[in-house]
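Listed below are the residues making up each chain.
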Number of protein chains: 2
Amino acid sequence: MHAFDVLRDPVRRRILELLSEEDHAAGEVAAVIEREFSITQAAVSQHLKVLRESGFATVRIDGARRIYAVDADPLQDVDAWLERFRRFWEPKLDALETEIARGRRKRP
Amino acid sequence: MHAFDVLRDPVRRRILELLSEEDHAAGEVAAVIEREFSITQAAVSQHLKVLRESGFATVRIDGARRIYAVDADPLQDVDAWLERFRRFWEPKLDALETEIARGRRKRP
DNA sequence: TCCGGATATAAGTAATACCTTATATTAGGA
DNA sequence: TCCTAATATAAGGTATTACTTATATCCGGA
């Protein structure tokens, strides 16, 4: 499933926002999403599965709970795809600034 | 139609890539897409309509031809949404670097 | 070892997205 | 004015997606 297919769904975007703040158990995510979107626990679990299988989230087990965390790799792919359009809104940058802006600079 | 709904389709993404290089007449876009994706002119025209109506492209008329160009506003929205995830892959930046990286610095 | 809480999966359904073919619209040249 | 090229729209079929309810799995504590 392509990154944009995953991000297309507003529920999945909201879950990623939640996970970007801090890691959450599946039940915590479900509680928020059920309230905000009026969907069931099963539906949230299916969205978590999509996020897992598409590489947007990782899970670790904590007793009976599953703790979800963001895996940013596919988001970084999206960011890279946007690269070619940035010149439409970013002011012209000199070479050094461009390196910094892209986060490619080697740091000590 | 939300930006991610638009970007979900690979044909539309490819059209935007073409338009990012330079403006193109609808027929030029259609020629490339028909070849690369084996779909009809009608299908390409429908995708161009989606791009127009969702604000990703603008059109100007040149005789019987319609010249399409990128409008980056919705792409910038996507870029802004990604903001909260950048800390997952960007090295820590000091304040000035961060401003530069975000392109917010006032320039002379 | 049995039970309850937490989570995932299965099966089915309804809406939607994207395609096709056919046709309409519009502009410029003979 | 008529013809053709360029482009858009209409109508309809099909696959996919996101939901529902029902059930399975897994873990820790009594």
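Residues numbered from 1 in each chain as written. Chains lettered and ligands numbered in written order. Predicted model: local features only at pLDDT ≥ 70, side-chain atom pairs only at ≥ 80, totals over all residues.

### Quick notes on the protein's contact with DNA strand D
Put simply, the rule is: Nearness rests on one distance test: the residue's C-beta atom, set from the backbone, must lie within 6 Å of the molecule or strand. For the purposes of this entry, the term helix denotes a DSSP run of H or I that reaches at least four residues, the term strand denotes a run of E that reaches at least two, and both are numbered from the N terminus. Only Asp, Glu, Lys and Arg are considered charged, only Ala, Val, Leu, Ile, Met, Phe, Trp, Tyr, Cys and Pro nonpolar, and every remaining residue, Gly among them, polar.
DNA strand D sits among 25 residues. The nearest are A:Ala42, B:Ala25, B:Gly27, B:Ala42 and B:Arg65. Elements that contribute at least two residues to the surface near DNA strand D include exactly α4 (41-53) of chain A together with α3 (26-37), α4 (41-53) and β3 (65-70) of chain B. The leading source of residues in the surface near DNA strand D is α4(B), at six residues. Split by residue class, the surface near DNA strand D holds 11 nonpolar, eight polar and six charged.

### What to know about the nonpolar core
Our working definition: By definition, a nonpolar core groups buried Ala, Val, Leu, Ile, Met, Phe, Trp, Tyr and Cys residues that connect through C-beta atoms lying within 7 Å of each other. Remark: C-beta atoms are placed from the backbone, and a residue is labelled buried if 20 or more other C-beta atoms sit within 10 Å of its own, exposed if 12 or fewer do, or partly exposed between those counts. Here, residues touch in the contact sense if the C-beta positions derived from the backbone fall within 7 Å of one another.
Judged by nonpolar contacts, the single largest core of 42 residues is most densely connected at A:Val29, A:Ala57, B:Ile15, B:Val29, B:Leu48 and B:Ala57. For B:Leu48, the contacting residues outside a window of four places in its chain are B:Ile15, B:Ala26, B:Val29, B:Ala57 and B:Tyr68.

### Points about the protein's contact with DNA strand C
Lining the immediate environment of DNA strand C, one finds 25 residues, of which A:Ala25, A:Gly27, A:Ala42, A:Arg65 and B:Ala42 sit closest. If you list the elements that add at least two residues to the surface near DNA strand C, you get α3 (26-37), α4 and β3 (65-70) of chain A together with α4 of chain B. In terms of residue count, the dominant contributor to the surface near DNA strand C is α4(A) (six residues). Grouping the constituent residues of the surface near DNA strand C by class yields 11 nonpolar, eight polar and six charged.

### Notes on the domain arrangement of chain A
Residue and element names in this part refer to chain A. The following threshold applies: Delimitation of the domains relies on an automatic or database domain assignment.
Domain annotation of chain A identifies domain 1 (3-71) and domain 2 (73-108). Taken together, the contact between domain 1 and domain 2 spans five residues of the former and four residues of the latter. Taken together, the residues of the side of domain 1 that touches domain 2 sort by class into two nonpolar, two polar and one charged.

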